[in-house]
Amino acid sequence: MGVWWIVVVAILAHTASAAVREYHWEVEYKFGFPDCKEGMVMAVNGQFPGPTIHALAGDTIVVHLTNKLATEGLVIHWHGIRQLGSPWADGAAGVTQCAITPGETFTYKFTPGTHFYHGHYGMQRSAGLYGSLIIDAAKGKREPLRYDGEFNLLLSDWWHESVLSQELGLSAKPMRWIGEAQVTLFLHYY
Ligand SMILES: [Cu+2]
């Protein structure tokens, strides 16, 4: 009897400390300057790269993702997260879900580790649909490693040619490689 009581208290204490982090995201293309040349990037709520998700271990993340693209499907993959108990939230078009059609919204809900996220439909990651997903140690817990500070840095290839012509070249026979990226983006932001 006593043991069960302790278990119940432990479960209640755990659920009380875990928060739900809820986001409403709209994805569309916009003109931007990822390097010195104007190009077309994918933006989340007008922001490139997408907003950073900050959470504590054990929190639940809920993202209501709305496709504001005119003619493309959309999904987001939460890269590296194992999605134990929430396989439908993995965000692989044609594998764990159908792509979100223009004008529609899909809700992702999961409890993650620390990673990043990116578009997982067609060439959308290459077009700039990605951002950081940072999970800090839960309240009262310490991270296993000691360090002086934290620096959020995203690295990405960037081509001046459009992702559509990249895609056309990659699927052409014989394949036409568009060549190395013009730029490696070092995106430092919070
Ligand atoms: Cu991925």
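Bear in mind the structure is a predicted one, so any value in this text is a computation, not a measurement.

How each quantity is defined
- Residues numbered from 1 in each chain as written.
- Predicted model: local features only at pLDDT ≥ 70, side-chain atom pairs only at ≥ 80, totals over all residues.
- Heavy atoms only, no water.
- Helix = DSSP H or I, 4+ residues; strand = E, 2+ residues; numbered from the N terminus.
- Buried < 20%, exposed > 50% of the residue type's maximum accessible area, 1.4 Å probe, protein only.
- Donors = N, O, S within 2.8 Å, 3.2 Å for Na, K, Ca; no water.
- Contact = heavy atoms within 4.5 Å.
- Core = buried A, V, L, I, M, F, W, Y, C linked by side-chain atoms within 4.5 Å.
- Pairing = 2+ DSSP bridges.
- Axes fitted to C-alpha atoms, helices over the stretch in contact; angles between N-to-C directions.
- Patch = residues over 30% accessible without salt bridge, like charges linked within 9 Å, V, L, I, M, F, W, Y side chains within 5 Å.
- Areas by Shrake-Rupley, 256 points an atom, 1.4 Å probe, with all protein chains shown as cover.
- Salt bridge = Lys/Arg side-chain N within 4 Å of Asp/Glu carboxyl O.
- Arc of directions from axis to C-beta.
- Polar contact = N/O pair within 3.5 Å; in protein donor to acceptor, adjacent residues only side chain to side chain.

**Some points on the environment of Ile135**
In step 1: Note that Ile135 resides in strand E8 (residues 130-136).
In step 2: The class for Ile135 is buried, based on a relative accessible area of 11%.
In step 3: Taking the C-alpha atoms as reference, Ile135 lies 7.6 Å from Pro112; in sequence the two are 23 residues apart.

**Description of the coordination of the copper ion**
In step 1: For the copper ion, the full set of protein donor atoms is His79 (ND1) and His118 (NE2), and the range of their distances to it is 2.0 Å. Here His79 is found in strand E5 (residues 76-79), whereas its partner His118 is found in strand E7 (residues 115-119), with 39 residues between them in sequence.
In step 2: Taking relative accessible area as the criterion, His79 reaches 36% and is therefore assigned partly exposed.

**Topic: the environment of Ala93**
In step 1: Note on placement: Ala93 falls in the loop between E5 and strand E6 (105-110).
In step 2: Judged by relative accessible area, which is 24%, Ala93 ranks as partly exposed.
In step 3: C-alpha of Ala93 to C-alpha of Gly122: the two residues are 29 residues apart in sequence and 9.0 Å apart in space.
In step 4: The residues contacting Ala93, other than those within four sequence positions of it, are Val75, Ala99, His120 and Tyr121.

**Some words on the nonpolar core**
In step 1: One finds Trp25, Trp78, Tyr108 and Leu133 to be the most contacted residues of the largest nonpolar core, which totals 26 residues.
In step 2: Counting residues per element, this core draws most heavily on strand E4 (residues 60-67), which supplies 3 residues.
In step 3: Within the second largest apolar cluster, 8 residues are counted, among which are Val41, Phe48, Trp158 and Tyr189.

**Quick notes on the sheet that holds E5**
In step 1: In space, the 4 strands of this open sheet follow the order E3-E8-E7-E5, with mixed pairing throughout. Single-partner strands in this sheet number two, and they are strand E3 (53-56) and E5. The sheet shows a mean angle of 20° between the axes of neighbouring strands, taken without regard to direction.
In step 2: Relative to E8, E7 is paired through 4 bridges, and the arrangement is antiparallel. Each bridged residue has a counterpart across the sheet, and for His115 the counterpart in E8 is Leu133.

**Some details on the pairing of strand E9 (residues 153-158)**
In step 1: The alternating pattern of E9 places Leu154, Ser156 and Trp158 on a buried face, while none of Leu153, Leu155 and Asp157, on the opposite face, is buried.
In step 2: Strand direction decides the pairing type here: E9 and strand E10 (residues 183-188), joined by 6 bridges, are antiparallel. Among the inter-strand pairings, Leu154 is bridged to a residue of E10, identified as Leu187.

**Looking at a nonpolar patch on the surface**
In step 1: A grouping of Phe151, Leu153, Leu155 and Phe186 is seen on the molecular surface, where their side chains present a nonpolar patch of about 440 Å² in accessible area.
In step 2: Note that Leu153 resides in strand E9.
In step 3: Residue classification places Leu153 among the partly exposed positions, given a relative accessible area of 36%.

**What to know about the sheet that holds E6**
In step 1: Spatially, the 4 strands line up as an open sheet ordered E2-E1-E4-E6, and their pairing is mixed. Either end of the sheet is taken by a strand with one partner, and the two such strands are strand E2 (39-44) and E6. Shown here is a sheet whose adjacent strand axes are inclined to one another by a mean of 20°, direction ignored.
In step 2: Here 8 bridges tie strand E1 (residues 20-32) to E4, and the two strands are oriented parallel to one another. Opposite Arg21, over in E4, you have Ile61 as the bridge partner.

**Notes on helix H2 (residues 163-171)**
In step 1: Buried within H2 are the following residues: Val163, Gln166 and Gly169. In an axial view of H2, the angular spread of the buried residues amounts to 120°, which keeps them on one side of the axis. Exposed and oriented more than 90 degrees from the buried face of H2 are Leu164, Leu168 and Ser171.
In step 2: The residue sitting at the N-terminus of H2 and contributing the capping side-chain oxygen is Ser162; that oxygen lies 3.2 Å from the backbone nitrogen of Leu164.

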